[in-house]
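Listed below, chain by chain, are the residues.
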Amino acid sequence: MSALTFTLKSQPKFTLDVSPITPDNLQNLTLDKIKKIKLIYGKEKVKVEELFAVKGNDKNEIIINKSCTQLICVGKKMTQGSIAVKGDVGDFLGQSMKNGIITIHGNAGSWAGNGMSGGRINIEGNVGNYTGAGFPGDTFGMKNGLINITGNAGDRIGDRMRRGIIIIQGKAGDYCGSRIHAGTIIVLGKVGKHTGVGMRRGSIILAKKPTYISATFQSCGNLKMQFLRLLFTQLSNISDDLIFFRKYGPIAHRFAGDIARNGKGEILILKTLTKR
Amino acid sequence: MYIKLTNGVVYDPVHGINGEYRDIYIRDGNITRKPSSNVKIDKVYDMKGKIIMAGAIDLHTHIGGGKVNIARMMLPEDHKADLVSKTELTRSGCGHAAPSTLTAGYRYAEMGYTACFEPAMLPANSRQAHMEMADTPMVDKGAYAMIGSDDFFLRMLASKKDQAAISDYVGWIINATQALGIKVVNPGGISAFKFNQRKLDLDEENKYYGVSPRDILVALARAVTELGIPHPLHVHGCNLGVPGNVETTLETIRAAEGMRMHITHIQFHSYGTEGDKKFSSGAAEIAEAVNKNPNISIDVGQVLFGQTVTASGDSMRQYAGHWHAHPKKWVVMDIECDAGCGVVPFKYRDKNFVNALQWAIGLELFLLVDDPWRIFLTTDHPNGAPFTSYPHLIRLLMDRSFRNDMLSSINKEAAAASTLSSIDREYSLYDIAIMTRAAPARSLGLKNRGHLGSGAVADITVYTEKKDKEKMFSKPDYVFKDGELIVRNGKIVKVVQGATHTLRPEFDMGIEKSLKRYFDKYQTMSLGNFKIDDDEIVEHGNGKIIVQPCM
């Protein structure tokens, strides 16, 4: 069995909604029928075969080659299997996904993991704003799952997230973890201003001391937190690319907040990079 | 140009026509007498075996004004779940419980409705309400101005101004806001909420003004009578949704003192406190009182199961209900210190005792009130259910076995607590024609609508009789609006723009002197900007204004 591979024939002129291309939707279809699936391209509907060269037969393993930022809604509502994308993707990556793995070998646009409730998204590049956030008017953003970003992230990461983990190995923008209900955001690079503003519960874990912490966060001093040890061990066991978490130690400077909301959340600034 | 509808079975309660074969002639948008034989008939529609009624009229549906817009903004999931694509004729839209203006207009027309009336237009918000209604195509529109908790009026009452001054104020409000009637929502209660009162009974005084809801009701009902406004005072009473409020409602009916009064969504005001759960039906008492008092008319505000959103000006009761919000988000706000607004999404569940009993109470009211001329078919869209469920409601009223099937599927205790299973009454097509056409038109003073006599506007709906009344009423064969065919087989074939109905009661303009002083001192806009010009409603080609005569 070889992976089902979609290779983009040429750069699309308009946004292309590829939400039908998920392991769930293709499960019972033959290759011919897959080629006949209609995608929303700009304001028209076009068949898959007009835009993609399709080959392979393993519907649980989908590969999209030569992707670009015009492709939106990759892996929307998927519940199983894996999608690997070689190239960039546009907005709404993994929107409302429930399970499965999406790997992007490139950058992603805004609203990645919007409303996701399970599964894993690996992005080996940068992401835009509102990763793991909810739409305006939604009560919750991301509800569960894990988003791992190797590069940098934009503003308002995890806005109103409810549960789950977002790992940003590069820098994060302003309003990181704003209004989160619960969940964990880990930033290994620098963060912008207003981190965790309006947060209710949950943890924002920073490896580097931010230049600015909102006045509504209360310093609780340096604490040795066993939960950090458990968390990092768990993360390093998930996959090989997260194995470096073993080096992060359990001591952190804790800021409780946002006191303007109810003060049950925390910003943890990791103190030492001890090797075990 | 003459159009003839031939061989149809006509239901026209205004003229006492109950299912008789009649031909209908339309000329220039109006229904006319049979022309002389030498006149050429330009178009003949063969309506063989089809049912012809006037276009339906919904006299209580929240399709415009600030609160619906808040509901739209607050419920993106409602819109995401119900998308409507554009067609060659119609524009795109979305929304189930709080549909966009265009979609609301299209859906009403596709159900055979040709006129809808927004019941809660706050004077300060009336420009927004009229703009939204102008954006609602296909149907005729109108609105009732909502007063009773506004500062100026309460000051007048508190300082014991004479009735003539109050009538002048009410008349000025109707003129300034281009309204068709007067509505009062939780009389004085919205104001009392701001002074930390969390409940206000009919004879309880507003802490700040020292005015009771009874004073407000009587003053407004008198003003409406004196000004000769055709539609009686539209009352959303005290204690909405409170178990035991049946007493308050009966007292409200007595408070009318023989003056005409329309009590709206009375289902929410018909709850007793009997039984183990201290929640029971008061429908029998209410129906008895309505049957006895010919000055009272009601609309039901039927609850139907499913997700919807409750949008009301009654911030006091909406605040009390916000604990039940589903999904968990809500808005209660003040508007210009004159009234309030509460939007709470709600899901009525058939297995929930209270919701199931609410459903049964609404149906009991429909079936126990004898005179269909004084009870109107509403769900208080979107508070009880979206208006798209009207055909389902009609089937519940017309089909006893279907009703009993539904009754057996709801919460067992609620079904046992209700007397619904013992009621045999079934509505006839004639009764439905009364309660959805003739009676609302008469109540609103629309003389040339709601009937099919000579001189009436040719708003006509044609159905095919089917055993399943839900199917029959959800998909009319033809709908004519002002003599033009707008819907064929439940699909829009022509998009038209309805008119806005208003009133111009006479009053003493001297009231503007004190209003001007008040506006300059307290209001956010000047008196001149507060008034709505005719041009503002008709500009951009949005319909026309029809001024209805006063009594």
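If you're wondering where the values come from, they're calculated on a predicted model, not measured in any experiment.

Student: For this particular structure, what's the right way to read the packing of aromatic side chains?
Tutor: Note on aromatic pairs: each is described by the distance of the centres and the angle between the planes. All names here are of chain B. Under the criterion given, the structure shown has 33 aromatic pairs over all chains. A centroid spacing of 6.1 Å and a plane angle of 85° characterise the contact between Phe195 and Tyr209, whose relative ring orientation is edge-to-face. In this pair, Phe195 is assigned in the loop between α7 (189-194) and α8 (213-227) and Tyr209 in the loop between α7 and α8, connecting sequence segments 14 residues apart. Between Tyr463 and Phe473, the ring centres sit 4.7 Å apart and the planes meet at 55°, which makes this aromatic pair tilted. Here Tyr463 is found in strand β21 (residues 460-464), whereas its partner Phe473 is found in helix α17 (residues 469-474), with ten residues between them in sequence. Across the pair, Phe473 and Tyr463 agree in class, each one buried. One aromatic cluster in this structure is built from Phe152, Phe153, Tyr169, Trp172, Tyr518, Phe519, Tyr522 and Phe530. Note that Arg198 overlies the ring of Tyr319, its terminal NZ or CZ placed 5.5 Å from the centroid.

Student: So what exactly am I meant to see when it comes to helix α5 (residues 151-158) of chain B here?
Tutor: Structurally, the α-helix is built with 3.6 residues per turn, so residues lying three or four positions apart point the same way. Residue and element names in this part refer to chain B. Most of α5 is tucked away: six of the eight residues are buried. Where α5 is buried, its residues contact α6 (163-177), α7, α8 and α18 (511-522). Lys160 lies just past α5 and shows a positive phi near 55°.

Student: Teacher, can you tell me more about the pairing of β21 of chain B here?
Tutor: One face of the sheet, then the other: side chains in a regular strand alternate in exactly this way. Residue and element names in this part refer to chain B. Within β21, four of the five residues are buried, which leaves the element mostly enclosed by the surrounding structure. Pairing of strand β5 (residues 50-54) with β21 involves five bridges; the strand directions are antiparallel. Residue pairing in the sheet places Ile51 in a bridge with Tyr463 of β21. Examined bridge by bridge, β21 and strand β22 (residues 478-481) share three bridges and lie antiparallel to one another.

Student: So what exactly am I meant to see when it comes to the domain arrangement of chain A here?
Tutor: Accessible area lost when the parts come together is the quantity often used to give the size of an interface. Residue and element names in this part refer to chain A. Taken as a whole, chain A is organised into domain 1 (1-99) and domain 2 (107-276). Once you take the C-alpha centre of each, domain 1 and domain 2 turn out to be 30 Å apart. Counting residues at the interface gives 13 residues for domain 1 and 17 residues for domain 2. Of the roughly 1100 Å² buried between domain 1 and domain 2 on both sides combined, carbon and sulfur atoms contribute 51%. If you sort the residues of domain 1 by the area they bury against domain 2, Phe92, Leu93 and Met97 come out on top, with a joint share of 45%. Put simply, domain 1 and domain 2 have zero salt bridges between them. The tally of links from domain 1 across to domain 2 stands at ten residue pairs in polar contact (both at pLDDT 80 or more).

Student: What exactly am I supposed to notice about the sheet that holds strand β2 (residues 16-17) of chain A here?
Tutor: Backbone-to-backbone hydrogen bonds pair the strands of a sheet. The strands run either parallel or antiparallel. All names here are of chain A. Strands sit in the order β4-β3-β2-β7 across an open sheet of four strands; the sheet is mixed. What marks the edges here is a single partner per strand, and that holds for β4 (44-47) and β7 (71-72). Strand direction decides the pairing type here: strand β3 (residues 38-41) and β4, joined by four bridges, are antiparallel. Opposite Ile40, over in β4, you have Lys45 as the bridge partner.

Student: Even after reading the chapter, I still don't get the environment of Gly445 of chain B, so can you show me in this structure?
Tutor: Residue and element names in this part refer to chain B. Note on placement: Gly445 falls in the loop between α16 (429-444) and β21. In sequence terms Gly445 and Ile335 are 110 residues apart; their C-alpha atoms lie 30 Å from each other. Those residues in contact with Gly445 that sit more than four places away from it in its chain are Pro230 and Gln548.

Student: Mind showing me how you'd approach the nonpolar core here?
Tutor: If you look at soluble globular proteins, the nonpolar side chains tend to sit buried side by side. Residues Trp172, Trp359 and Phe366 of chain B are the most contacted members of the largest nonpolar core, which totals 134 residues. By residue number, the principal contributor to this core is helix α12 (residues 353-368) of chain B, which donates ten residues. Ignoring sequence-local partners within four residues, the contact set of Trp172 of chain B consists of Phe507, Ile511, Glu512, Leu515, Phe519, Leu527, Phe530 and Lys531 of chain B. Judged by nonpolar contacts, the second largest core, of 56 residues, contains Leu4, Val18, Ile166 and Ile180 of chain A.

Student: Looking at this structure, I do not really get the sheet that holds strand β17 (residues 306-312) of chain B. What am I missing?
Tutor: Residue and element names in this part refer to chain B. The antiparallel open sheet is built from three strands, whose spatial order is β17-β19-β18. Where the open sheet ends on each side, the last strands, each with one partner, are β17 and β18 (331-335). The sheet shows a mean angle of 15° between the axes of neighbouring strands, direction not considered. Judged from the five bridges that link them, β18 and strand β19 (residues 339-348) form a sheet pairing that is antiparallel. Opposite Val331, over in β19, you have Val343 as the bridge partner. Where helix α1 (residues 66-74) meets the sheet, its contacts fall on β17, β18 and β19, and the angle it forms with β19 comes to roughly 45°.

Calculation rules
- Residues numbered from 1 in each chain as written.
- Chains lettered and ligands numbered in written order.
- Predicted model: local features only at pLDDT ≥ 70, side-chain atom pairs only at ≥ 80, totals over all residues.
- Heavy atoms only, no water.
- Phe/Tyr/Trp six-rings, centres within 6.5 Å; stacked < 30°, edge-to-face > 60°.
- Helix = DSSP H or I, 4+ residues; strand = E, 2+ residues; numbered from the N terminus.
- Buried < 20%, exposed > 50% of the residue type's maximum accessible area, 1.4 Å probe, protein only.
- Lys NZ or Arg CZ within 6 Å of the ring centre and 35° of its normal.
- Contact = heavy atoms within 4.5 Å.
- Pairing = 2+ DSSP bridges.
- Domains from an automatic or database assignment.
- Buried area = accessible area lost by both parts, 1.4 Å probe.
- Salt bridge = Lys/Arg side-chain N within 4 Å of Asp/Glu carboxyl O.
- Polar contact = N/O pair within 3.5 Å; in protein donor to acceptor, adjacent residues only side chain to side chain.
- Core = buried A, V, L, I, M, F, W, Y, C linked by side-chain atoms within 4.5 Å.
- Axes fitted to C-alpha atoms, helices over the stretch in contact; angles between N-to-C directions.

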